[in-house]
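A structural walkthrough
So you can see what is in the structure, the chains are spelled out below.
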Amino acid sequence: MVNMNAAHTKYISDLGLTPNMGEVIEMMASAPAAETTQVKFECRDVEVFYSGKRALRGVNMDVPDSGVTALIGPSGCGKSTFLRVFNRMNDTIPNARVTGQILMDGQDIYSKDIDPVLLRARVGMVFQKPNPFPKSIYDNVAYGPRIHGLAPQKKDLDNIVERSLVRAGLWDEVKDRLKEPGTSLSGGQQQRLVIARAIAVSPEVILMDEPASALDPIATARLEELIDELKEKYCILIVTHSMAQAARVSQKTAFFHLGDLVEYDDTQTIFTNPKDQRTQDYITGRTG
Amino acid sequence: MSAEANTSIHQTDQALGRLAKRKAKENRFRYAGIAAVVIAMAMLGWLVVSLVGTGYTAFFQHYLTITVTLSESDLDPHGARDADQLRTANYRKVIQQALYSRFPDVTDRRGKRALFQIVSASGATNQVRQMVYQDPDLVGREITITVPTSDDVDQLLKGYIDRNAPAELRKVSDRQIEWVDQVVAGGELTREFNWRFFTAADSRDPELAGIAGAVVGSLMALSVAFMLSVPVGVGAAVYLEEFAPHNRLTDFIEININNLAAVPSIVFGLLGLAVFLNFFGLPRSAPLVGGMVLGLMTLPTIIIATRSALRAVSPSIIDGALSLGASHTQAVFHHKVPLAASGILTGSIIGMAQALGETAPLLMIGMVAFVTEIPASIMEPASALPVQIFLWSDSAERAWAERASAAIIVLLLVLITLNAVAIFLRSRLERRW
């Protein structure tokens, strides 16, 4: 399996034109699934407190660096809290505290020499409600590259915007109206726009917090297709309420309940042969 | 189905009675609301009608056309056309003689004095003086000019002085009325738009007084207030809302800002007097000081409006920016402040409108002075529109009341314009996306 970091570096260096990119993607696509992947995140005893109240209890979990990892569980189980640990978005909540260790490629992302600003450039995020900026479609996608200085010239920026929109499957729908406000798009398009916005800064990981919960079934199907394509290039963590969605898009699934990580395994195992009674109850619809 | 099942508890007579009661209650509430609106509108209408009713006549003024002889022997006995001589010559006599020749049958001293009183004494003489000073060639010629009538004659012609009242209760004598009727009959008396009201500064004579000095003073003070309070207010609000740590000190500051918004404005005037005039020694009556005082007074309004505008920005936008690796400062200045701009602007304009109508603090720093010149800089003595109204409404003559009302109309129009601009900008900025 090609190391995601290498692919990432390659992408950055070949921003203008990447003749090898196709090959890279092909190699990743043809690579054998999950078994041989490396670990992207190692979580050791992760706990999150809001104003001293524990929302997440001693989570230990390894997130593979390819494929989609789904976080499921009933409302208030801590899955969204856990997702926001990976890009340190919990830092923005007053009185939130994270303990334990989260290693990204072996490096503690909560250590003092990690700047959350750079971490978030490496770990992108898509939210529950589509939140395009009240700017043009172009400016939405260009915002990340601009603040990180990824595009020294207008041409480079145009390139990144087009590439990101293509990758997010939105280019054909918006290429003639890049100057129109991002908020004028439909909900599904908006969600793909914010995905394009996230991948424009070339992250290694994309976190998705119930990305389809505000979308209709057709837009959801389109989004799931997109997630399927994106997983070839990015490590994806997705929080979802829909077990069917988790089953469709993910290779690994973690089940959370009342702040505990109850069970974490291959998606197929979780849905066909759960080990814990609580998981069993949840996926069969008896709780949750 | 049994019979019981058909009569639900919501279909019984009691239920219908309760429904009627509920509806009656709601209707009573609605009528109370309508009544409140009607009363409010009636009061507002009353205010406007009474203001416009007394004020609109100030926009017109009566002028008398007279023929004056600029004889060389009176104005320039030496024939040198010396500027000083021309300026100090006796133009009063010129006007008087023009009137005496118009009414040759007036020969007695008292009659002559009364005759001169039908024109604006200083208005007419200054007008001729200006003309001669600018064009000395006029000396020795006979010219026809239009001069303002005195305020009493103007009021008489506007119908504010009752001709049938006993002569000793009137400011215009029977003979004066007779002369006025003669010039009216002769077509020498005209009614024109009162441009002077908009181009002149204050004067001792109502017929010569205008609001230009006060308007310029107000605009200068307002500009100073705007330049002081908007940057400082918005900056303070952004810092307090986004960057300041939450501790006792910031809580204390916050409480005090809210309290300052409720402090009577005259207190700010006292502060200006103590600090700006007495301590820093800035000039009295200057728009600079007035503006600084008004700026301090508006500061809490702008801070509060800005903070609530910032708070109203959806946090999801900020989350989006942060998740892309924007720093907190970038998220605030790239997204939060621009999205709050319409609210900030509305708050600032409303604060400015408030400052424009403020009188009390200006009284304390001497902007209540009688200033007959339009100020040329923010350091010169000036008045302000509301202060001018206050001064005029304090004067006894009927003509001042008319002018005070007219000035109030102008002030209200300016305020309505400011508020309309605020509403326009808000809807414009909000509609952008």
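Residues numbered from 1 in each chain as written. Chains lettered and ligands numbered in written order. Predicted model: local features only at pLDDT ≥ 70, side-chain atom pairs only at ≥ 80, totals over all residues.

1. Some points on the overall build of chain A
Each helix and strand in chain A was counted, giving 12 helices and 10 strands. Per-residue burial over chain A gives 43% buried out of 288 residues. Considering only residue pairs separated by 6 or more positions, chain A has 70% of its internal contacts joining residues 24 or more positions apart. (Helix = DSSP H or I, 4+ residues; strand = E, 2+ residues; numbered from the N terminus. Buried ≥ 20, exposed ≤ 12 C-beta atoms within 10 Å, placed from the backbone. Contact = placed C-beta atoms within 7 Å.)

2. Considering the overall build of chain B
Assigned secondary structure in chain B consists of 19 helices and 3 strands. Rg of the C-alpha trace for chain B: 32 Å, well past the compact-globule value of 22 Å for 433 residues, more than 25% over. Seen through its C-alpha atoms, chain B measures out along the principal axes to roughly 115 × 65 × 40 Å. Expressed as a percentage of the 433 residues in chain B, the buried residues total 35%. Taking contacts inside chain B between residues at least 6 apart in sequence as the whole, the part at least 24 apart equals 77%. (Rg over C-alpha atoms; globule rule 2.2 N^0.38 Å.)

3. A short note on the interface of chain A and chain B
Every contact between the two is made by 24 residues of chain A and, on the other side, 14 residues of chain B. Every element with two or more residues in the side of chain A that touches chain B is listed here: helix H4 (116–122), strand E6 (123–126), helix H5 (137–148) and helix H8 (187–199) of chain A.

4. Let's talk about the pairing of strand E2 (residues 53–64) of chain A
All names here are of chain A. Bridging between strand E1 (residues 39–50) and E2 involves 8 bridges; their strand directions are antiparallel. When the bridges of E2 are listed, Glu 42 appears paired with Asp 62. The antiparallel pairing of E1 with E2 creates a hairpin that spans 2 residues between the two strands, and Ser 51 there sits at a positive phi of about 50°. (Pairing = 2+ DSSP bridges.)

5. Some thoughts on the pairing of strand E9 (residues 252–257) of chain A
All names here are of chain A. Among the 6 residues that make up E9, 6 are buried, leaving the element largely enclosed by the rest of the structure. Alternating residues of E9 divide into Lys 252, Ala 254 and Phe 256 and Thr 253, Phe 255 and His 257, and every residue in both groups is buried. Across 6 bridges, the pairing between E9 and strand E10 (residues 260–266) is antiparallel. Each residue of the ladder has a partner; that of Phe 256, found in E10, is Leu 261. Turn length for the E9-E10 hairpin, with the two strands adjacent in sequence and antiparallel, is 2 residues, and the turn residue Leu 258 shows positive phi of about 50°.

6. A few points about the packing of helix H11 (residues 212–243) of chain B against helix H18 (residues 385–393) of chain B
For the pair H11 of chain B and H18 of chain B, the least separation of the axes is 7 Å and the interaxial angle reads 145°. Together, Ala 214, Val 215 and Ser 218 of chain B of H11 of chain B and Leu 385, Val 387 and Gln 388 of chain B of H18 of chain B make up the contact between the two elements. (Axes fitted to C-alpha atoms, helices over the stretch in contact; angles between N-to-C directions.)

7. A look at the domain arrangement of chain B
When its domains are assigned, chain B resolves into domain 1 (3–56), domain 2 (59–205) and domain 3 (212–431). Its C-alpha centre places domain 1 of chain B at a distance of 62 Å from the equivalent point of domain 2 of chain B. (Domains from an automatic or database assignment.)

8. A look at H8 of chain A
Residue and element names in this part refer to chain A. Here H8 is 13 residues long and its end C-alpha atoms lie 19 Å apart, about the 18 Å a rise of 1.5 Å per residue gives. Within H8, 12 of the 13 residues are buried, which leaves it mostly tucked inside the rest of the structure. Here H8 has its buried residues at Gly 188, Gln 189, Gln 190, Gln 191, Arg 192, Leu 193, Val 194, Ile 195, Ala 196, Arg 197, Ala 198 and Ile 199. (Expected span 1.5 Å × (residues − 1).)

9. Some points on helix H12 (residues 248–260) of chain B
Between the first and last C-alpha of H12 of chain B there are 18 Å, a value that for 13 residues agrees with the 18 Å anticipated at 1.5 Å per step. Of all the 13 residues making up H12 of chain B, 0 are buried; the element is thus mostly uncovered.

10. Section: the sheet that holds strand E2 (residues 142–148) of chain B
Residue and element names in this part refer to chain B. One open sheet accounts for 3 strands, arranged E2-E1-E3; its pairing is antiparallel. The sheet is open, and its two edges are formed by E2 and strand E3 (189–193), each paired on a single side. Each strand axis lies, on average, 35° off the axis of its neighbour in the sheet, ignoring direction. Across 5 bridges, strand E1 (residues 60–69) lies against E3 in antiparallel orientation. In the sheet register, Leu 64 faces E3, and the bridge partner there is Leu 189. Its contacts with the sheet place helix H7 (residues 121–134) against E1 and E2, and it is angled at close to 140° to E2.

11. Digging into the nonpolar core
By size, the foremost hydrophobic cluster in this structure holds 138 residues, and its most contacted members are Ile 236 and Leu 237 of chain A together with Ala 407 of chain B. Looking at which element gives the most residues to this core, the answer is H11 of chain B, with 14 residues. Counting 25 residues, the second largest nonpolar core, distinct from the first, contains Ala 89, Ile 95, Val 153 and Leu 156 of chain B. (Core = buried A, V, L, I, M, F, W, Y, C linked by C-beta atoms within 7 Å.)

12. Regarding the confidence of the model for chain B
With 98% of its residues at a pLDDT of at least 70, chain B reaches an overall mean of 90. Within chain B, the lowest mean pLDDT, 56, falls on helix H1 (residues 3–6) of chain B, and the highest, 95, falls on helix H2 (residues 13–55) of chain B. (pLDDT = per-residue confidence, 0-100.)

13. Comments concerning unusual backbone geometry
Residues and elements named next belong to chain A. For Arg 88, which is not glycine, the phi dihedral falls at a positive 55°. Mapped onto the elements, Arg 88 comes out in the loop between helix H3 (79–83) and strand E4 (96–104). You can call Arg 88 buried: it has 20 C-beta atoms within 10 Å. The phi torsion at Asn 95 lies on the positive side, around 70°, for a residue other than glycine. By the secondary structure assignment, Asn 95 is in the loop between H3 and E4.

14. Overview of the environment of Lys 179 of chain A
Residue and element names in this part refer to chain A. Within the secondary structure layout, Lys 179 lies in the loop between helix H7 (171–174) and H8. On the basis of neighbour count, Lys 179 is assigned to the exposed category, with 9 C-beta atoms found within 10 Å. When the C-alpha atoms of Lys 179 and Tyr 138 are compared, they prove to be 6.2 Å apart, with 41 residues separating the residues in sequence. In this structure Lys 179 touches Ser 136 and Tyr 138, once residues within four positions along its chain are discounted.

15. Describing the packing of helix H5 (residues 91–102) of chain B against H7 of chain B
Residues and elements named next belong to chain B. As a packed pair, H5 and H7 sit with axes 9 Å apart at the nearest point and diverge in direction by 110°. Compared by their axis directions, H5 and H7 come out roughly perpendicular. In terms of crossing hand, the pair formed by H5 and H7 is right-handed. Contact with H5, carried on its side by Tyr 91, Arg 92, Val 94 and Ile 95, involves Ala 124, Thr 125, Val 128 and Arg 129 of H7 and no other residues of that element. For the contact of H5 with H7, a count of residues per class yields 5 nonpolar, 1 polar and 2 charged. (Parallel < 35°, antiparallel > 145°, perpendicular 65-115°, else oblique. Left-handed = near helix turned anticlockwise from the far one by under 90°. Nonpolar A, V, L, I, M, F, W, Y, C, P; charged D, E, K, R; others polar.)

16. Examining the environment of Glu 229 of chain A
Tracing the chain through its elements places Glu 229 of chain A in helix H9 (residues 217–230). Its 14 C-beta neighbours within 10 Å are what place Glu 229 of chain A among the partly exposed residues.

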